[in-house]
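Spelled out from the first residue to the last, the chains are:
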Amino acid sequence: MSKLVTIYGGSGFVGRYIARRMAKQGWRVRVAVRRPNEAIFVKPYGVVGQVEPILCNIRDNTSVRTALQGSDAVVNCVGILAKNGKNTFDAVQAEGAGRIVRLAAEAGITNMVQISAIGADAEGESDYQRTKAEGEALVIKNMPSAVILRPSIVFGPEDQFFNRFAGMTRYGPILPVVGADTKFQPVYVDDVARAACMAVMGKAEPGIYELGGPDVNTFRELMEHMLKVIRRRRLILNIPFFAASIMGGLSDFANSISGGLIPAMVTRDQVKNLRNDNVVSDGTKTFADLGIKPVALEAVLPDYLWRFRPSGQYAGIKESAKNLRA
């Protein structure tokens, strides 16, 4: 029988790409998610019965243990950018990761991949940074053979970064950003998935890998590139950190008193994150150690942001027509 991998958060942005790649490698894939009915789309990644979504809440021991049964490897992709109810940073990114690795070790599993993030820091100013680091520490403590992947900001068709800002350009001439000079090293989602699959199949040495694309850009430069792709002109307005912190506090308050009904446009914790560059550190393991050449931003962005152009899918046709008239 083919081997089985359990992917916690396997229907999420990064998780679905890992699930697809593992299915192509002939593995059986168990996608452990809170809402399996909303993860049915993963089933066609393999043959009938090869990829199956199941119910799991990583805050519950029994739920996590059940999802592990019979598994040969585990991947944890669960993470949050903002707390929501019981899904706090501590509960999800620290305790949740710790629960998964502890129960995996008890079950005799020795192969685990933890999806973390560049910037994970036990002494970090933000809860996001701190809990990512705490989760990593628990993984290493309980399973020294684990592989931890720290990607920079991840881009791809389902991302919540470029899609979000491209959508904002539809509503006015100004595009506000926080931390315009903060540096990022955007990484293609399928490159992260490729690295994770290598780790699952034992083709990566244990340890921490920081994953970044071939280029380093400031937040402003990324927005300028996005605007060129979607054929729009907008004024990029940098919001000072002190003002953004006030906005984040108000946004957090509105989200809290509404019981989550009013989404937080930006949180104070996110503002804290944006104060720090998000690039690969010197002296760390990277894509190069895995033999992976990361895909550049410009090779992928036009493939999914075309819908934000003023003429959508017809933008190319209109541009060609202009050349003909000339």
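Note: the structure precedes this text.
Residues numbered from 1 in each chain as written. Predicted model: local features only at pLDDT ≥ 70, side-chain atom pairs only at ≥ 80, totals over all residues. Heavy atoms only, no water.

Draft legend 1. Main features of the sheet that holds strand β1 (residues 4–8). Ordered by their spatial adjacency, seven strands build an open sheet running β3-β2-β1-β4-β5-β6-β11, and the pairing between neighbours is parallel. Two strands close off the open sheet at either side, each with one partner strand: β3 (51–55) and β11 (207–211). When the angles between neighbouring strand axes are averaged without regard to direction, this sheet yields 20°. Taken together, the four bridges between β1 and strand β4 (residues 73–76) define a ladder with parallel strand orientation. Bridged to V5 within β4 is A73. Sheet strands in contact with helix α4 (residues 127–142) are β5 (112–115), β6 (147–151) and β11, and its direction is about 160° off that of β6. Across the sheet, helix α6 (residues 189–200) lies against β1, β4, β5, β6 and β11, angled at about 175° from β6, the strand it touches most. (Pairing = 2+ DSSP bridges. Helix = DSSP H or I, 4+ residues; strand = E, 2+ residues; numbered from the N terminus. Axes fitted to C-alpha atoms, helices over the stretch in contact; angles between N-to-C directions. Contact = heavy atoms within 4.5 Å.)

Draft legend 2. Broad picture of a nonpolar patch on the surface. Where nonpolar side chains cluster on the molecular surface, the patch consists of I174, L235 and L237 and spans about 270 Å² of accessible area. Structurally, L235 can be placed in strand β13 (residues 235–239). (Patch = residues over 30% accessible without salt bridge, like charges linked within 9 Å, V, L, I, M, F, W, Y side chains within 5 Å. Areas by Shrake-Rupley, 256 points an atom, 1.4 Å probe, with all protein chains shown as cover. Salt bridge = Lys/Arg side-chain N within 4 Å of Asp/Glu carboxyl O.)

Draft legend 3. Representation of the packing of aromatic side chains within the structure. Overall, the coordinates contain nine aromatic pairs when judged by the stated rule. Cluster of aromatic residues (ring-pair linked, three or more members): F161, F162, F165, F184 and F219. The ring of Y17 carries R20 above its face, with NZ or CZ at 5.1 Å from the centroid. Between the NZ or CZ atom of R20 and the centre of the ring of Y45, over which it lies, the distance is 4.4 Å. (Phe/Tyr/Trp six-rings, centres within 6.5 Å; stacked < 30°, edge-to-face > 60°. Lys NZ or Arg CZ within 6 Å of the ring centre and 35° of its normal.)

Draft legend 4. How the structure looks around the nonpolar core. With 71 residues, the main nonpolar core has I18, F162, M223, M226 and L305 as its most contacted residues. Residue contributions to this core peak at nine residues, all from α6. The residues contacting L305, other than those within four sequence positions of it, are F162, N163, A166, M226, V229 and I230. Listed in part, the 23 residues of the second largest apolar core include F89, V92, I100 and A117. (Core = buried A, V, L, I, M, F, W, Y, C linked by side-chain atoms within 4.5 Å. Buried < 20%, exposed > 50% of the residue type's maximum accessible area, 1.4 Å probe, protein only.)

Draft legend 5. Region of the structure containing the environment of G119. Within the secondary structure layout, G119 lies in the loop between β5 and α4. Residue G119 is classed as partly exposed on the basis of its relative accessible area of 29%.

Draft legend 6. Layout of the pattern of salt bridges. The tally for this structure, following the rule as stated, stands at eight salt bridges. Between R21 and D190 there is a salt bridge, with its nearest N and O atoms 3.0 Å apart. Note that R21 is positioned in helix α1 (residues 13–24) and D190 in helix α6, a separation of 169 residues in sequence. With a relative accessible area of 28%, R21 lands in the partly exposed category. Of the charged contacts, one joins E136 and R150 as a salt bridge, the two residues approaching to 2.7 Å between their closest N and O atoms. Taken together, the residues span a long stretch of sequence, with E136 in helix α4 and R150 in strand β6 at a distance of 14 residues. Accessibility expressed as a relative area gives 3% for E136, which makes it buried.

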